[in-house]
Amino acid sequence: MYRFRSVENLIGEYQELEKQQIYFAGFDELNDPLEGTRLYFWQGDKIVWVNLLKHYILCLEHVVLLSRLLNDNETISKKDIPIYKSMNSLPTEIYKERIQKIYNQFFNDKFVQDYINFIVKNPNKIYLEEMYVHLKILSGIALNSIFEIDIQSGLLANIEKVHHKVVQRNIDLDWDNIWEELDEKQYIQIMKVIHDTLKSWDSELLLKFKNSPKQQSIYIEFTQMYLDSVVQLTYPRAYVACFMDNCLDSSIWGTYGKNHTGVCLKFRTNTIKPKLILKGISGWSSSSGNIYDYREFDLKPIEYSTSFEELDFFRNLGCLPIPQLKEQWYTNDQGELSVCCEEIFLQEEEWRKQYWNICERAYLKKLPDWSHEREYRIILNNVLGFYDNPKDRLLEYKFEDLEAIIFGMKTLQKAKIEIIEIVKRKCEEFGINQFDFYEMEYSTIKKELYPRKLLSLNKNNLKVED
């Protein structure tokens, strides 16, 4: 297996060759913005829909309180949205009573009741774009409910009621009976009109709050930030190290090989089912902290496809503990369980197996445009938060698994010498009897790039190849 690196990464600031390290990148660091894409959809019974709205309000209430501690020129970001928060995690009974009052204010609204019935009756999967519309429509009433309880409790002056006129705008439709009146095509058209209307209202709000980024965060941006954040409840973050099964593509040398000035590392792996042994965090001890050890990692091939993994949000909340799942997401006030949790609670082992299969598939897909890379990946799932710190995503390989190094056509001589000297010293340190260096060259006969052996290190001498 081959791994392309820039000279700067290999022998510059990060000293990857000296430290024998492989860096695992987050998907936001990769060059394809569609990396790790999942097509989320929402489809479930009234229990999970009501609980989703409760969760939305809980997060919204948090950022509203936070905003009162910020200056107008400060903003609220996705990291400020407490998606793991629940009623049971609130610090005091007074706080819990406050949230319950906000819930009562919101769910007693006739428009909200009709709208929930409309969503529950929807026979179709609700994808992210439509989900944004639904939450945006209800967001004004949610904010209004928070403000009303704040005024009743003395946390907010009556003057703040001016905000209510801004946020409480309902779409005038008979939501409870809409499925009896519209076919699917008409419904899609209605959703498009509503989406455009909501964007128009946001433009008005942008002018109103042009001097207050924090208010823009709440009134305009919160719904999208919430949706971007809440999907993290389904699967843990993952990090990847990328490899390829060849080093002959000139365009790849031009990109990953830094315009042919970089280096390609060749690793020994099992050719049938490639694996690489790496040292990283293997556990945690209360007395000594992180525990480090070597273990095998599979190198898995990328599937090049135009289809992305569809993911049912309500049935894949795998990042929450079972007690919280049951209490916060799958149970109503009468103690009834949602149908969405039947597989989790009744067939947990099978559900977990399916859950992790789906998890990996999203990280192993790219569009066919990238198929020339013939890429393989090692995946680090950040299940327990072990890899939050980038330093913990530097895993160490065994030097004996580094089979050869290939230089690009324009790798600087100075860099070659430094790399060779490091390898020579490591061969002596680890008792390696043979190590080969290559340089990419163009064959005028075969009309293709090929790696020409540049020199070999062995136990007794350093020999330049003809």
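Let me begin by describing the structure that accompanies this report.

Rules and cut-offs
Residues numbered from 1 in each chain as written. Predicted model: local features only at pLDDT ≥ 70, side-chain atom pairs only at ≥ 80, totals over all residues. Heavy atoms only, no water. Helix = DSSP H or I, 4+ residues; strand = E, 2+ residues; numbered from the N terminus. Buried < 20%, exposed > 50% of the residue type's maximum accessible area, 1.4 Å probe, protein only. Contact = heavy atoms within 4.5 Å. Pairing = 2+ DSSP bridges. Axes fitted to C-alpha atoms, helices over the stretch in contact; angles between N-to-C directions.

Digging into the environment of Cys 247
For Cys 247, the location among the structural elements is in the loop between β6 (238–244) and α11 (250–255). We classify Cys 247 as buried; its relative accessible area is 3%. Expressed as a C-alpha distance, the spacing of Cys 247 and Leu 449, which sit 202 residues apart in the sequence, is 9.0 Å. Those residues in contact with Cys 247, other than ones at most four positions away along the chain, are Tyr 2, Phe 4, Trp 253, Cys 264, Ile 406 and Met 440.

Structural notes on the sheet that holds strand β15 (residues 394–397)
Read across the sheet, 4 strands follow the order β2-β15-β8-β9 without closing on themselves; strand pairing throughout is antiparallel. The open sheet is flanked by β2 (21–23) and β9 (289–298), the only strands paired with a single partner. Neighbouring strand axes in the sheet, compared pairwise and without regard to direction, differ in orientation by 40° on average. Across 3 bridges, the pairing between β2 and β15 is antiparallel. When the sheet's bridge partners are listed, Tyr 23 is paired in β15 with Leu 394.

Describing the sheet that holds strand β5 (residues 126–127)
Strand order in the open sheet formed by 3 strands is β5-β4-β12, with mixed pairing between adjacent strands. The open sheet has two edge strands, β5 and β12 (309–312), and neither has a second partner. Strand direction decides the pairing type here: strand β4 (residues 38–42) and β12, joined by 4 bridges, are parallel. Residue Leu 39 lies in a different strand from β12, and its bridge partner there is Glu 310.

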